[in-house]
Amino acid sequence: MSVSGWGLGMAIISGTVLILCLHLLKTHLQKYLGESGMVAAYLLCGIRMLVPVQLAVPVAILPYKAPFDAPSENQIGCLTVVIILWSVVDAILLTLFGERYLTTSRRLSRLGRENPMAAAILNRLLKGHSCGGKIQVLCCPEVKIPLGVGLFRRKILLPQKSYTQEELSMILCHEITHFRKGDLWIKFLVCVFCCLFWWNPASYLLQKDVEQLLELRCDRIVTRNLTQEEKAAYLSVLLEAVKRSAGRRENTFPFLGAQLFSTGRSAMTERFRAVMARPEPRKWWKVWASAFLVTCLVAVSVLLAGGSCDETLGQTVITVVNGAAPGEESTWAFDTEEGFVQLPEQEAQHWLESQGYEVQIETVG
(Lines give C-alpha, C1' and ligand atoms only; values in the text may rest on other atoms or scores of the structure.)
Protein backbone atom coordinates (compact mmCIF):
# COMPACT_ATOMS: atom_id res chain seq x y z
CA MET A 1 0.00 0.00 0.00
CA SER A 2 1.08 3.59 -0.61
CA VAL A 3 -0.09 7.20 -0.52
CA SER A 4 -0.30 9.49 -3.54
CA GLY A 5 -2.28 12.43 -4.87
CA TRP A 6 -4.61 10.03 -6.64
CA GLY A 7 -5.11 8.05 -3.42
CA LEU A 8 -5.82 11.25 -1.47
CA GLY A 9 -8.44 12.35 -3.96
CA MET A 10 -10.10 8.93 -4.01
CA ALA A 11 -10.10 8.79 -0.19
CA ILE A 12 -11.89 12.13 0.07
CA ILE A 13 -14.41 11.31 -2.67
CA SER A 14 -15.17 7.80 -1.43
CA GLY A 15 -15.36 8.92 2.21
CA THR A 16 -17.78 11.70 1.27
CA VAL A 17 -19.97 9.30 -0.72
CA LEU A 18 -19.97 6.82 2.18
CA ILE A 19 -21.05 9.52 4.66
CA LEU A 20 -23.89 10.59 2.36
CA CYS A 21 -25.00 6.96 1.96
CA LEU A 22 -25.01 6.43 5.72
CA HIS A 23 -27.01 9.63 6.21
CA LEU A 24 -29.61 8.61 3.65
CA LEU A 25 -29.87 5.06 5.04
CA LYS A 26 -29.53 6.09 8.69
CA THR A 27 -33.12 5.30 9.69
CA HIS A 28 -32.97 1.78 8.24
CA LEU A 29 -29.42 0.89 9.31
CA GLN A 30 -29.97 2.20 12.82
CA LYS A 31 -32.66 -0.44 13.41
CA TYR A 32 -30.10 -3.20 12.91
CA LEU A 33 -26.75 -1.67 13.87
CA GLY A 34 -28.03 0.40 16.77
CA GLU A 35 -26.59 3.75 17.79
CA SER A 36 -23.15 2.34 18.66
CA GLY A 37 -22.89 0.54 15.33
CA MET A 38 -23.88 3.66 13.41
CA VAL A 39 -21.33 5.77 15.29
CA ALA A 40 -18.66 3.18 14.45
CA ALA A 41 -19.72 3.26 10.79
CA TYR A 42 -19.48 7.05 10.63
CA LEU A 43 -16.07 7.01 12.32
CA LEU A 44 -14.92 4.37 9.82
CA CYS A 45 -15.88 6.73 6.99
CA GLY A 46 -13.94 9.53 8.66
CA ILE A 47 -10.89 7.29 9.02
CA ARG A 48 -11.20 6.41 5.32
CA MET A 49 -10.88 10.11 4.46
CA LEU A 50 -7.94 10.56 6.83
CA VAL A 51 -5.98 7.53 5.55
CA PRO A 52 -5.56 7.89 1.77
CA VAL A 53 -4.05 4.43 1.17
CA GLN A 54 -4.22 2.65 -2.15
CA LEU A 55 -3.27 -0.86 -3.23
CA ALA A 56 -0.22 -1.42 -5.42
CA VAL A 57 -1.04 -1.92 -9.12
CA PRO A 58 1.36 -4.10 -11.19
CA VAL A 59 2.93 -2.23 -14.13
CA ALA A 60 4.80 -3.84 -17.02
CA ILE A 61 7.81 -1.80 -18.11
CA LEU A 62 8.43 -2.35 -21.88
CA PRO A 63 11.67 -0.59 -22.94
CA TYR A 64 12.47 0.72 -26.44
CA LYS A 65 14.68 3.46 -27.88
CA ALA A 66 13.43 6.93 -28.78
CA PRO A 67 14.51 10.50 -27.90
CA PHE A 68 12.32 12.81 -25.80
CA ASP A 69 12.86 16.26 -24.31
CA ALA A 70 12.41 16.39 -20.56
CA PRO A 71 9.80 18.82 -19.23
CA SER A 72 10.69 21.69 -16.90
CA GLU A 73 11.31 20.62 -13.30
CA ASN A 74 10.59 24.08 -11.80
CA GLN A 75 6.85 24.01 -12.40
CA ILE A 76 4.64 23.66 -9.33
CA GLY A 77 1.38 21.82 -9.93
CA CYS A 78 -2.01 23.17 -8.94
CA LEU A 79 -2.48 20.20 -6.63
CA THR A 80 0.58 21.23 -4.61
CA VAL A 81 -0.74 24.78 -4.21
CA VAL A 82 -4.16 23.51 -3.12
CA ILE A 83 -2.61 21.15 -0.54
CA ILE A 84 -0.45 23.96 0.87
CA LEU A 85 -3.42 26.32 1.24
CA TRP A 86 -5.50 23.51 2.72
CA SER A 87 -2.78 22.73 5.28
CA VAL A 88 -2.41 26.39 6.27
CA VAL A 89 -6.15 26.81 6.90
CA ASP A 90 -6.18 23.49 8.80
CA ALA A 91 -3.39 24.72 11.08
CA ILE A 92 -5.23 28.01 11.76
CA LEU A 93 -8.55 26.30 12.51
CA LEU A 94 -6.97 23.67 14.77
CA THR A 95 -5.11 26.39 16.69
CA LEU A 96 -8.28 28.45 17.13
CA PHE A 97 -10.29 25.41 18.19
CA GLY A 98 -7.66 24.32 20.72
CA GLU A 99 -7.35 27.82 22.16
CA ARG A 100 -11.14 28.22 22.41
CA TYR A 101 -11.58 24.79 23.96
CA LEU A 102 -8.94 25.31 26.66
CA THR A 103 -9.91 28.91 27.45
CA THR A 104 -13.63 28.20 27.75
CA SER A 105 -13.25 25.03 29.82
CA ARG A 106 -10.84 26.74 32.23
CA ARG A 107 -13.08 29.80 32.60
CA LEU A 108 -16.18 27.74 33.30
CA SER A 109 -14.32 25.55 35.79
CA ARG A 110 -12.98 28.63 37.57
CA LEU A 111 -16.44 30.17 37.86
CA GLY A 112 -18.02 26.93 39.07
CA ARG A 113 -18.99 26.35 42.69
CA GLU A 114 -19.56 23.01 44.39
CA ASN A 115 -23.11 21.80 45.02
CA PRO A 116 -23.17 19.54 48.13
CA MET A 117 -26.48 17.83 47.26
CA ALA A 118 -25.38 17.16 43.66
CA ALA A 119 -22.01 15.87 44.90
CA ALA A 120 -23.73 13.45 47.28
CA ILE A 121 -26.00 12.13 44.52
CA LEU A 122 -23.00 11.80 42.18
CA ASN A 123 -21.10 9.74 44.75
CA ARG A 124 -24.13 7.48 45.19
CA LEU A 125 -24.43 6.94 41.43
CA LEU A 126 -20.72 6.19 41.08
CA LYS A 127 -20.59 3.83 44.07
CA GLY A 128 -19.61 0.37 42.92
CA HIS A 129 -19.19 1.48 39.28
CA SER A 130 -15.94 2.23 37.47
CA CYS A 131 -15.99 5.48 35.53
CA GLY A 132 -12.31 5.81 34.69
CA GLY A 133 -11.46 8.48 37.23
CA LYS A 134 -12.80 11.27 39.40
CA ILE A 135 -15.76 13.41 38.31
CA GLN A 136 -16.51 16.78 39.88
CA VAL A 137 -19.93 18.46 39.80
CA LEU A 138 -20.11 22.28 39.87
CA CYS A 139 -22.74 25.01 39.51
CA CYS A 140 -21.71 27.65 36.96
CA PRO A 141 -23.51 30.98 36.29
CA GLU A 142 -22.57 31.01 32.58
CA VAL A 143 -24.09 27.61 31.87
CA LYS A 144 -27.80 27.37 31.02
CA ILE A 145 -27.76 23.67 30.13
CA PRO A 146 -26.28 20.77 32.17
CA LEU A 147 -22.96 20.02 30.52
CA GLY A 148 -20.22 17.42 30.88
CA VAL A 149 -16.72 18.73 30.09
CA GLY A 150 -13.11 17.59 30.29
CA LEU A 151 -11.18 14.82 28.59
CA PHE A 152 -8.96 14.19 31.64
CA ARG A 153 -10.22 16.48 34.44
CA ARG A 154 -13.86 15.67 34.04
CA LYS A 155 -16.57 17.92 35.40
CA ILE A 156 -20.35 18.19 35.23
CA LEU A 157 -21.47 21.82 35.08
CA LEU A 158 -24.99 22.70 36.21
CA PRO A 159 -26.95 25.94 35.79
CA GLN A 160 -27.61 27.97 38.92
CA LYS A 161 -31.16 26.80 39.55
CA SER A 162 -32.94 24.65 42.07
CA TYR A 163 -33.29 20.98 41.21
CA THR A 164 -35.11 18.20 43.00
CA GLN A 165 -33.15 15.11 43.94
CA GLU A 166 -34.94 13.15 41.23
CA GLU A 167 -34.03 15.73 38.56
CA LEU A 168 -30.41 15.86 39.70
CA SER A 169 -30.21 12.08 39.67
CA MET A 170 -31.42 11.91 36.05
CA ILE A 171 -29.17 14.74 34.87
CA LEU A 172 -26.08 13.32 36.54
CA CYS A 173 -26.83 9.80 35.34
CA HIS A 174 -27.07 11.15 31.77
CA GLU A 175 -23.71 12.93 31.95
CA ILE A 176 -22.00 10.01 33.72
CA THR A 177 -23.11 7.75 30.88
CA HIS A 178 -21.44 10.08 28.39
CA PHE A 179 -18.19 9.81 30.35
CA ARG A 180 -18.40 6.02 30.64
CA LYS A 181 -18.94 5.59 26.90
CA GLY A 182 -16.12 7.95 25.94
CA ASP A 183 -18.53 10.27 24.13
CA LEU A 184 -16.51 13.40 24.94
CA TRP A 185 -13.48 11.91 23.21
CA ILE A 186 -15.59 11.05 20.17
CA LYS A 187 -17.05 14.57 20.00
CA PHE A 188 -13.58 16.10 20.40
CA LEU A 189 -12.13 14.00 17.56
CA VAL A 190 -15.11 14.80 15.33
CA CYS A 191 -14.51 18.53 15.93
CA VAL A 192 -10.86 18.04 14.92
CA PHE A 193 -12.06 16.16 11.82
CA CYS A 194 -14.27 19.13 10.88
CA CYS A 195 -11.28 21.46 11.27
CA LEU A 196 -9.26 19.28 8.89
CA PHE A 197 -12.02 19.00 6.28
CA TRP A 198 -13.53 22.45 6.83
CA TRP A 199 -14.37 22.80 3.13
CA ASN A 200 -16.32 19.53 2.89
CA PRO A 201 -20.05 19.76 3.86
CA ALA A 202 -20.05 16.01 4.52
CA SER A 203 -17.84 16.55 7.59
CA TYR A 204 -20.50 18.72 9.24
CA LEU A 205 -23.17 16.20 8.30
CA LEU A 206 -21.08 13.51 10.00
CA GLN A 207 -20.71 15.72 13.09
CA LYS A 208 -24.46 16.37 13.33
CA ASP A 209 -25.42 12.72 12.92
CA VAL A 210 -22.77 11.41 15.34
CA GLU A 211 -23.77 13.88 18.07
CA GLN A 212 -27.44 12.89 17.70
CA LEU A 213 -26.56 9.18 17.79
CA LEU A 214 -24.52 9.67 20.96
CA GLU A 215 -27.46 11.39 22.66
CA LEU A 216 -29.88 8.65 21.54
CA ARG A 217 -27.55 5.96 22.86
CA CYS A 218 -27.18 7.79 26.16
CA ASP A 219 -30.96 8.20 26.51
CA ARG A 220 -31.55 4.49 25.86
CA ILE A 221 -28.97 3.45 28.45
CA VAL A 222 -30.29 5.82 31.13
CA THR A 223 -33.96 4.87 30.61
CA ARG A 224 -33.42 1.18 29.90
CA ASN A 225 -34.85 -0.03 33.23
CA LEU A 226 -37.24 2.84 33.93
CA THR A 227 -40.99 2.60 33.97
CA GLN A 228 -43.11 4.65 31.56
CA GLU A 229 -43.81 7.17 34.34
CA GLU A 230 -40.11 7.50 35.12
CA LYS A 231 -39.34 7.92 31.42
CA ALA A 232 -41.91 10.71 31.24
CA ALA A 233 -40.20 12.40 34.20
CA TYR A 234 -36.84 12.08 32.42
CA LEU A 235 -38.27 13.70 29.29
CA SER A 236 -39.75 16.51 31.36
CA VAL A 237 -36.23 17.33 32.57
CA LEU A 238 -35.09 17.51 28.94
CA LEU A 239 -38.07 19.69 28.06
CA GLU A 240 -37.33 22.06 30.93
CA ALA A 241 -33.73 22.41 29.73
CA VAL A 242 -35.00 23.24 26.24
CA LYS A 243 -37.24 25.97 27.61
CA ARG A 244 -34.46 27.48 29.71
CA SER A 245 -32.08 27.58 26.74
CA ALA A 246 -34.57 29.16 24.32
CA GLY A 247 -33.08 32.34 22.91
CA ARG A 248 -29.80 31.81 24.80
CA ARG A 249 -27.58 30.14 22.25
CA GLU A 250 -24.65 32.19 23.54
CA ASN A 251 -24.76 30.14 26.75
CA THR A 252 -24.46 26.77 25.03
CA PHE A 253 -21.08 25.17 24.33
CA PRO A 254 -21.63 22.27 21.90
CA PHE A 255 -17.93 22.20 20.98
CA LEU A 256 -16.91 21.74 24.60
CA GLY A 257 -18.56 18.52 25.70
CA ALA A 258 -21.77 16.55 26.07
CA GLN A 259 -24.85 18.68 26.69
CA LEU A 260 -28.07 17.38 28.22
CA PHE A 261 -29.94 17.96 24.97
CA SER A 262 -29.18 18.61 21.33
CA THR A 263 -30.55 21.67 19.57
CA GLY A 264 -33.17 21.34 16.87
CA ARG A 265 -36.83 20.39 17.05
CA SER A 266 -36.45 17.29 14.87
CA ALA A 267 -33.53 16.04 16.97
CA MET A 268 -35.50 16.41 20.22
CA THR A 269 -38.56 14.77 18.68
CA GLU A 270 -36.45 11.77 17.68
CA ARG A 271 -35.08 11.46 21.21
CA PHE A 272 -38.55 11.67 22.76
CA ARG A 273 -39.83 8.92 20.47
CA ALA A 274 -36.80 6.72 21.12
CA VAL A 275 -37.20 6.98 24.90
CA MET A 276 -40.92 6.19 24.92
CA ALA A 277 -40.75 3.43 22.27
CA ARG A 278 -40.83 -0.15 23.43
CA PRO A 279 -37.54 -1.97 22.74
CA GLU A 280 -37.77 -4.50 19.92
CA PRO A 281 -35.79 -7.75 19.90
CA ARG A 282 -32.81 -7.43 17.56
CA LYS A 283 -32.27 -10.03 14.86
CA TRP A 284 -28.55 -10.66 14.89
CA TRP A 285 -28.34 -11.88 11.31
CA LYS A 286 -29.57 -8.46 10.22
CA VAL A 287 -26.97 -6.81 12.47
CA TRP A 288 -24.16 -8.80 10.89
CA ALA A 289 -25.57 -8.25 7.41
CA SER A 290 -25.66 -4.48 7.93
CA ALA A 291 -22.14 -4.46 9.38
CA PHE A 292 -20.93 -6.55 6.45
CA LEU A 293 -22.54 -4.10 4.01
CA VAL A 294 -20.80 -1.09 5.58
CA THR A 295 -17.45 -2.93 5.65
CA CYS A 296 -17.80 -3.91 1.99
CA LEU A 297 -18.52 -0.32 0.98
CA VAL A 298 -15.35 0.89 2.71
CA ALA A 299 -13.30 -1.97 1.21
CA VAL A 300 -14.58 -1.16 -2.29
CA SER A 301 -13.54 2.47 -1.82
CA VAL A 302 -9.98 1.31 -1.02
CA LEU A 303 -9.91 -0.99 -4.05
CA LEU A 304 -11.09 1.84 -6.32
CA ALA A 305 -8.19 3.97 -5.13
CA GLY A 306 -5.84 1.40 -6.60
CA GLY A 307 -7.05 2.23 -10.10
CA SER A 308 -6.73 5.51 -11.94
CA CYS A 309 -8.71 8.11 -13.80
CA ASP A 310 -7.09 6.91 -17.04
CA GLU A 311 -7.91 3.46 -18.40
CA THR A 312 -4.37 2.86 -19.65
CA LEU A 313 -2.59 3.98 -16.49
CA GLY A 314 -2.00 1.08 -14.15
CA GLN A 315 -1.93 -1.43 -17.00
CA THR A 316 1.08 -0.65 -19.19
CA VAL A 317 3.80 1.98 -18.93
CA ILE A 318 5.87 2.49 -22.09
CA THR A 319 9.48 3.25 -21.21
CA VAL A 320 11.78 5.28 -23.45
CA VAL A 321 15.48 4.36 -23.28
CA ASN A 322 17.85 7.13 -24.41
CA GLY A 323 21.40 6.19 -25.44
CA ALA A 324 22.85 2.86 -26.37
CA ALA A 325 26.37 3.31 -25.00
CA PRO A 326 27.41 0.61 -22.51
CA GLY A 327 27.10 1.75 -18.88
CA GLU A 328 25.02 4.79 -19.79
CA GLU A 329 22.02 5.30 -17.47
CA SER A 330 18.70 4.90 -19.25
CA THR A 331 15.83 7.39 -19.01
CA TRP A 332 12.24 6.29 -18.52
CA ALA A 333 9.43 8.35 -20.02
CA PHE A 334 5.70 7.72 -19.63
CA ASP A 335 2.33 9.41 -19.49
CA THR A 336 0.38 9.58 -16.22
CA GLU A 337 -2.74 11.35 -14.98
CA GLU A 338 -0.38 14.11 -13.80
CA GLY A 339 1.11 14.57 -17.29
CA PHE A 340 4.22 13.45 -19.14
CA VAL A 341 7.07 12.21 -16.90
CA GLN A 342 10.69 11.59 -17.94
CA LEU A 343 13.14 10.51 -15.23
CA PRO A 344 16.37 8.53 -14.80
CA GLU A 345 15.81 4.82 -14.32
CA GLN A 346 16.30 4.69 -10.54
CA GLU A 347 14.24 7.82 -9.89
CA ALA A 348 11.51 6.57 -12.20
CA GLN A 349 11.23 3.29 -10.31
CA HIS A 350 10.99 5.11 -6.95
CA TRP A 351 8.42 7.53 -8.38
CA LEU A 352 6.22 4.72 -9.72
CA GLU A 353 6.39 2.84 -6.42
CA SER A 354 5.48 6.01 -4.49
CA GLN A 355 2.39 6.33 -6.70
CA GLY A 356 1.26 2.86 -5.72
CA TYR A 357 2.60 0.83 -8.67
CA GLU A 358 4.46 -2.44 -8.40
CA VAL A 359 7.17 -2.29 -11.10
CA GLN A 360 7.96 -5.45 -13.08
CA ILE A 361 10.67 -4.99 -15.75
CA GLU A 362 10.39 -7.12 -18.89
CA THR A 363 13.10 -7.34 -21.54
CA VAL A 364 11.89 -7.02 -25.12
CA GLY A 365 13.72 -8.34 -28.21
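Below you will find a few notes about this structure. (Residues numbered from 1 in each chain as written. Predicted model: local features only at pLDDT ≥ 70, side-chain atom pairs only at ≥ 80, totals over all residues. Heavy atoms only, no water.)

### Here we look at the pattern of salt bridges
Then comes step 1: Tallying each qualifying case throughout the model produces 6 salt bridges.
Then comes step 2: Across the pair arginine 271 and glutamate 215 runs a salt bridge whose closest N-O atoms are separated by 3.6 Å. Linking arginine 271 in helix α9 (residues 265–276) with glutamate 215 in helix α7 (residues 201–222), this pair joins segments that are 56 residues apart in sequence.
Then comes step 3: Residue class for arginine 271 comes out buried when judged on its relative accessible area of 0%.
Then comes step 4: Judged by relative accessible area, which is 5%, glutamate 215 ranks as buried.
Then comes step 5: Through salt bridges with shared partners, a single ionic network connects Glu215, Asp219 and Arg271. (Salt bridge = Lys/Arg side-chain N within 4 Å of Asp/Glu carboxyl O. Helix = DSSP H or I, 4+ residues; strand = E, 2+ residues; numbered from the N terminus. Buried < 20%, exposed > 50% of the residue type's maximum accessible area, 1.4 Å probe, protein only.)

### Section: the pairing of strand β7 (residues 154–158)
Then comes step 1: The buried fraction of β7 amounts to 5 of the 5 residues, a majority that puts the element mostly inside the structure.
Then comes step 2: Residues Arg154, Ile156 and Leu158 of β7 are buried on one face, and the alternating residues Lys155 and Leu157, pointing to the opposite face, are buried as well.
Then comes step 3: Note: strand β5 (residues 135–139) against β7, 5 bridges, orientation parallel. Counted as the bridge partner of isoleucine 135 is arginine 154 from β7.
Then comes step 4: Across 3 bridges, strand β6 (residues 147–149) lies against β7 in antiparallel orientation. Each bridged residue has a counterpart across the sheet, and for leucine 147 the counterpart in β7 is leucine 157.
Then comes step 5: In this antiparallel pair of consecutive strands, β6 and β7, the connection spans 4 residues, and glycine 150 shows a positive phi of 100°. (Pairing = 2+ DSSP bridges.)

### Comments concerning helix α4 (residues 116–126)
Because an α-helix completes one turn every 3.6 residues, residues spaced three or four positions apart along the sequence face the same direction.
Then comes step 1: Considered for burial, the residues of α4 that qualify are Ala118, Ile121, Leu122, Leu125 and Leu126. Taken down its axis, α4 places every buried residue within 130° of arc, on the same side. Facing away from the buried side of α4 by more than 90 degrees, the exposed set consists of Pro116, Asn123 and Arg124.
Then comes step 2: Between the side-chain oxygen at the start of α4 and the backbone nitrogen of methionine 117 there is a gap of 3.2 Å, and the oxygen is on asparagine 115. (Arc of directions from axis to C-beta. Polar contact = N/O pair within 3.5 Å; in protein donor to acceptor, adjacent residues only side chain to side chain.)

### Points about the side chain of glutamine 30
Then comes step 1: As for its position among the elements, glutamine 30 is in helix α2 (residues 26–50).
Then comes step 2: When neighbours within four sequence positions are excluded, glutamine 30 is seen to be in contact with Glu35, Met38, Leu213, Leu216 and Glu270. (Contact = heavy atoms within 4.5 Å.)

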